[in-house]
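Residue strings, one per chain:
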Amino acid sequence: MDPFIINTLASIFANAAPIVFASVGETLTEKSGVVNLSLDGTILLTAMAAFAFALNTGSVAGGFLVAALIGAAIALIVAVANIELGLEQVAVGFVLTMLTADLSSFLGNPYVNQAGPYLTQQPIPLLSQIPILGPVLFQQNLAVYASYVVIVAAWWWMSKTQPGLQMRGVGERPEAAFARGVNVNAVRYLYTLLGGALVGIAGATYSLVVKLGWSHNHTAGNGWIALAIVIFGGWDPWKVASGAYLFGLLKALGSVLQRNPAFVNVPTQIFSTAPFALMILFLALTSSGVTDRFLDLFQPATRRRLERLLRGRAPAALGRPFRRG
Amino acid sequence: MKRKPLLSQLFWAVVPVAAALFFIALILLAAGANPWQAFREITLGALESPQKWADVATAWVPLALVGAGMSLTFAAGLWNIGAEGQIILGAIFATWVVRSVDLPQVPVIALIILAGMVGGALWGLLTGLLRVYARVHEIFAGLGLNFIATALIIWLIFNPWKPARGATMSGTEPFPEVTWIPRLGSSRLVPLAMVLTVVALLVAFFLLRGTRFGLELRAIGKNARAAFIQGIPTARHMLVAFVLCGAMAGLAGALQATAVYHRLIPRISGGYGYAGMLVVILAAYRPEWVPAVALFFAAIGVGSPRLELNLQLDASLGGVLEGMVVLFVLLAAGLRNRLSHKP
Amino acid sequence: MRIELHDIYKHFGPVRANDGISLTLEPGQIHGLLGENGAGKTTLMKILSGYQAKDRGEILVDGRVVKFRSPAEAIAAGIGMLHQDPLDFPPMTALDNFLLGFDRRLRPDRRAGRQQLLELAARFRFPLEPEAAVERMTVGERQQLEIIRLLALGVQTIILDEPTTGISAPQKVQLFQTLRQLASEEGKSIVFVSHKLEEVEDLCQAVTVLRLGQVTGERLMPVPLDELVQLMFGQSLALPGKPAVPPGDVLLEARDLTVESPRLTITHAALSVRAGEVIGIAGMEGSGQDLFLRALAGLLRPKAGEVWLAGRPLTGRSYREFMQAGISLLPADRIDEGLVRGLTISEHMALHRKTPFFIRWEENRAYTAEQIRFFNVKGQPDSPVDALSGGNQQRVLLALQPAGLKVLILEHPTRGLDMESTRWVWEQLLKRRERGTAILFTSADLDEIMTYSDRVIVFFNGQPFPPLPVTELTVEDLGYMIGGKQPATSKPQPAAALPEA
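Residues numbered from 1 in each chain as written. Chains lettered and ligands numbered in written order. Predicted model: local features only at pLDDT ≥ 70, side-chain atom pairs only at ≥ 80, totals over all residues.

Colleague: Could you give an account of the overall build of chain A, naming the residues involved and the relevant values?
Modeller: Secondary structure summary: chain A contains 14 helices and zero strands in total. Reading chain A from its N terminus to its C terminus gives the helix and strand order α-α-α-α-α-α-α-α-α-α-α-α-α-α. Relative to a compact globule of 325 residues, whose C-alpha radius of gyration would be 20 Å, chain A shows 20 Å and is just as compact. For chain A, the spread of C-alpha atoms along the principal axes amounts to about 60 × 50 × 45 Å. Per-residue burial for chain A yields a buried fraction of 53% across its 325 residues. (Helix = DSSP H or I, 4+ residues; strand = E, 2+ residues; numbered from the N terminus. Rg over C-alpha atoms; globule rule 2.2 N^0.38 Å. Buried ≥ 20, exposed ≤ 12 C-beta atoms within 10 Å, placed from the backbone.)

Written out as structure tokens, the structure is:
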């Protein structure tokens, strides 16, 4: 296959890795019933922090760790504000997203446009020799491999383990989970923190892998996209990941088209904005009444399966704090 | 309901702000800066000269306009994050008027104002339709439309409306002077903009407090189901709220284009859509507190660039200050609520 | 296991749900817990099963005092409860529901779990499919799943709360077989909470009757049903009587109405209501009255049939049109549906009056103050409605209703109200009636139904008995009908036709 295509595909998997981390992490959080709207700002802050730490200490691993901790800390604020103080998750999340974004610009000022450490490519022996799949998937760096693992791990945890089952129960019907001895709020804290840590890793992946270094608004908009992808992917790790890769594909398409002489007059900003707008439009379409009518054309059983595929269902208790009966 | 004693009100208002400042001071120290100096720079930056006061007043306009509009959407329980796009569309429509119409000052400015409101209102209506009929949460609908608005303005600046010398990020050709909204003497103050803002604030205030419509909006915000059972047309009212907020945001955009920059630039909305949301949250969603909070934000916005000049600190410290204050005030309100509910 | 409850107290605000209840459950027995709505049965069982905390009292299992802080602890002690709406997870499969919370293993053993599920299901002949999504199972099947789940967890005592609401007849037969099997062959104790006399008679060996939070009697079956009805409904204080008013023209008609909900379907319901008539609607909650009334008020769209008001067809129109045509419904949930929590009395008044676009608050406040005086509400115009007591909220709700209403529908108008407020509410309703408004109301208080209705409709299991003039009924009759049996003073079942004059 044309090396250009292989390279493009490989870069899609690499560039989508941060969004995979963020959206799968947020999927876990939302599946347990909490919305963490601070994603966009948190990714910025953690990207900056990871880079700054790595630059100062030379340790890329340390950068990732710091980012995970910060991500978890921000998510903790959302959780505490909702569970203990009864504040709306959306309100606190929004304020945090703006605050952390500005914090990243402020604290990151000294680090703008500096060259720093990054993760090197580490092809996996044997696997990277597979024709086509090898170069695309297995000649990447550790963070990208970790993104593959995260998808599988999230899927496995959610659908194959008892704790994962309980987590889903908490997000669907906390009263019933409580009746089975599950500590609802502890579960929500756990997955909010875990999701937050993954969001932190997403940030680190930007500044240490995908878009090296730091600049103001380095990762702009990707947090919102991750949130939209969670809905788009119906809160299912595989579909969410596909959404992330789809987004990556749209971005890659944008870069390819940009170089095409037919589009030479279109400013670059359009290409960078278009994938966002398209994804969100996609989201609007699939949940809208238009799709309803389309689905109505099918038999009930098929309709149900299609609906599951297209829409997924929000965890029924998403956003609602739990009170003991 | 017992009136909460004044001392208690004061306590719960002052302590979170103090806590926010304290936290920021810590951050500044950790970043190797002097907190006292930083706060001083920001304050001076906003207050040091009459020009700066005028700048603060100018920055106040879009913040207060968006704040006024959002107090309406928030009353109905809606998160109109799409205000940013509504500002842009207002600016675009205003620019279209400037470029297409050849009239003396008074009618052209009247048309500009009208166009700005219509542009923003249309964009707001779109968000509303997506929410009401396509069941897309207004946060995502708003964000998507923001992205589209941004793409639209860039396309316009780089294609049909590009200056003769070639398209750049500095925007379109400057507008003809007849379309500039007049300033007061040699200052940078734009009285008309301020008057319009005050009108918008009054409209928002009286709508919410003094009309049936406002009462019905508030009922929807508190319990949409119960409001429906009282016979309130919830869907229709939500759409109207989006339209009104969009109109105000659009007006802000038109003013930005014709009173401040005198041209259409890509960053015409300047983040005011998002900042406006913070303003309204901090103002506890009340239109009567928006002017003061907007002034606070405007002052910080105007004063912050001095940090770069004199202390080599990034101006985003202003945003950090704003965000931290809102966060702490929110948390404090939640804490106070929790404490008063425990027996 | 032998379970003893000593002096259980539980209150919710001013309401004493359980007022010193003592009860003994013997092993291997099916014990019925009878009582009308609000008697305290469900609260008591929620306390026993660990779902709710009690205020005072003791629970003893085989002579040892136990304290349950959660349902899981109760299950560990061997007590499990099947709630009226089973506490399961709708989007998940039956197998996942079965496995959730089953044990502490990291990876649930799906194969063993599936096997256990199928074995238990087979033992009781439940047709359960492990991979079916619970939300698409019928209520009866969800119950079956929950029963075998509790059994798999090793419970010795199973509490079933109104288990036969919403399940099919064959499922009911199967359930009873299962319960008998469990009690006699396996020595389990069963608590059967119900209001259905026939079923209690059929199934239970012992019965405890609750009324208003207290035990009114314990008996070993068989016991004449009359006695049970007496114990359940008792005698209450006399309410003020009502003057006779000749009924006027037909105002509201329901023709061949079919209304659907996930749990129930009402089919071919018909009713014709005249001006000045009072129709009392009795029946246990969840028997279909709310569905019916909300369809009449225009809040629900009927699947089939028609609703006519004053000669105009209104079926399928918006709720606002119904309101404009002169129907109003006062929901039972006063604070979350009837009123808007957080708004003040005067704001509600402004919403309901024909206020112009610009509200004149001073005038509105003065008007509100007048209404408050007139309707004797203990509150100020600026009091938020959630700060008012239930009785005062009801007063406000009534004060908000426009004067010339054609039909006023009230869900449980005097529920939770003290005597004085109850009298007052009926004074108001009767006044409206004299002016020609037709009144439909649901109530769990049979005396109230008997005293104020011109005609009575009883709903049982989703079907209304045909409306009967109150003069042809006694309280005991009502009790029987609510329990699903024909009145002892039985007349041949009237044909399901509109009783036209």
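That was the structure; now back to the text.
Colleague: Describe the pairing of strand 9 (residues 206-211) of chain C, naming the residues involved and giving the relevant values.
Modeller: Residue and element names in this part refer to chain C. Summarising the sheet, strand 3 (residues 30-34) and strand 9 pair through four bridges and their orientation is parallel. Bridge assignment links L34 to a residue of strand 9, and that residue is V209. Where strand 9 and strand 10 (residues 214-220) come together, six bridges link them in antiparallel fashion. Bridging from a neighbouring strand, V209 pairs with G217 of strand 10. The hairpin turn running from strand 9 into strand 10, its antiparallel successor, is two residues long, and L212 in that turn takes a positive phi close to 50°. (Pairing = 2+ DSSP bridges.)

Colleague: Quick rundown of the interface of chain C and chain A? Include the residues and the values.
Modeller: The interface is formed by 19 residues belonging to chain C together with 18 residues belonging to chain A. When residues of the side of chain C that touches chain A are traced back to their parent elements, those giving at least two are helix 2 (71-76) and helix 3 (94-99) of chain C. A class-by-class count of the residues in the side of chain C that touches chain A yields 12 nonpolar, three polar and four charged. (Contact = placed C-beta atoms within 7 Å. Nonpolar A, V, L, I, M, F, W, Y, C, P; charged D, E, K, R; others polar.)

Colleague: Residue-level account of the pairing of strand 18 (residues 438-442) of chain C, with values.
Modeller: Residues and elements named next belong to chain C. Of all five residues that make up strand 18, five are buried, and the element is covered over most of its length. Side-chain alternation along strand 18 places A438, L440 and T442 on one buried face and I439 and F441 on a second face that is also buried. Pairing geometry for strand 13 (residues 278-282) and strand 18, over four bridges, is parallel. The partner of V278 across the bridge, within strand 18, is I439. Pairing of strand 17 (residues 407-411) with strand 18 involves five bridges; the strand directions are parallel. Of the residues in strand 18, the one forming a bridge with L410 is F441.

Colleague: Can you tell me about the interface of chain B and chain A, naming the residues and giving the values?
Modeller: In this complex, chain B contributes 39 residues to the contact, which on the side of chain A involves 35 residues. Of all elements in the fold, only helix 5 (105-133), helix 6 (138-158), helix 11 (272-282) and helix 14 (317-341) of chain B reach the threshold of two or more residues within the side of chain B that touches chain A. With 13 residues, helix 14 of chain B is the largest single contributor of residues to the side of chain B that touches chain A.

Colleague: Got a sec to walk through the sheet that holds strand 1 (residues 3-12) of chain C? Specific residues and values, please.
Modeller: What holds strands together in a sheet is hydrogen bonding between their backbones, with the strands either parallel or antiparallel. Residues and elements named next belong to chain C. Reading across from one edge, 2-1-4-5 is the order of the four strands in this open sheet, with antiparallel pairing throughout. A single partner strand is all that each edge strand has here, and the edge strands are strand 2 (15-25) and strand 5 (64-66). The average angle at which neighbouring strand axes cross in this sheet is 30°, direction not considered. Sheet topology places strand 1 next to strand 4 (residues 56-61); five bridges connect them, and they run antiparallel. Each bridged residue has a counterpart across the sheet, and for Y9 the counterpart in strand 4 is R56. Contacts between helix 1 (residues 41-48) and the sheet are confined to strand 1, strand 2 and strand 4, with strand 1 contributing the most and set at about 120° to the helix. (Axes fitted to C-alpha atoms, helices over the stretch in contact; angles between N-to-C directions.)

Colleague: Before we move on, could you go through the packing of helix 4 (residues 83-100) of chain B against helix 11 of chain B and cite the residues and values that matter?
Modeller: How two helices sit against one another is set out by the angle between their axes and by the gap between those axes. Residue and element names in this part refer to chain B. Following both chains from N to C, one finds helix 4 and helix 11 inclined at 130°, their axes separated by 7 Å at the closest point. In terms of orientation, helix 4 lies oblique with respect to helix 11. Crossing geometry of helix 4 relative to helix 11 is assigned as right-handed. Facing A83, E84 and I87 of helix 4, the residues of helix 11 in contact are Y272, G273, Y274 and G276. By residue class, the composition of the contact of helix 4 with helix 11 is four nonpolar, two polar and one charged. (Parallel < 35°, antiparallel > 145°, perpendicular 65-115°, else oblique. Left-handed = near helix turned anticlockwise from the far one by under 90°.)

Colleague: Which residues make up the nonpolar core, and what values do they have?
Modeller: Within the largest apolar cluster, 363 residues are counted, with the highest numbers of intra-cluster contacts made by A50(A), V95(A), A228(A), L63(B), M248(B) and V279(B). Here this core gets 16 residues from one element, more than from any other, and that element is helix 10 (residues 234-261) of chain B. If we ignore the near neighbours within four places in the chain, the residues touching V279(B) are L63(B), G67(B), V290(B), V293(B), A294(B) and F297(B). (Core = buried A, V, L, I, M, F, W, Y, C linked by C-beta atoms within 7 Å.)

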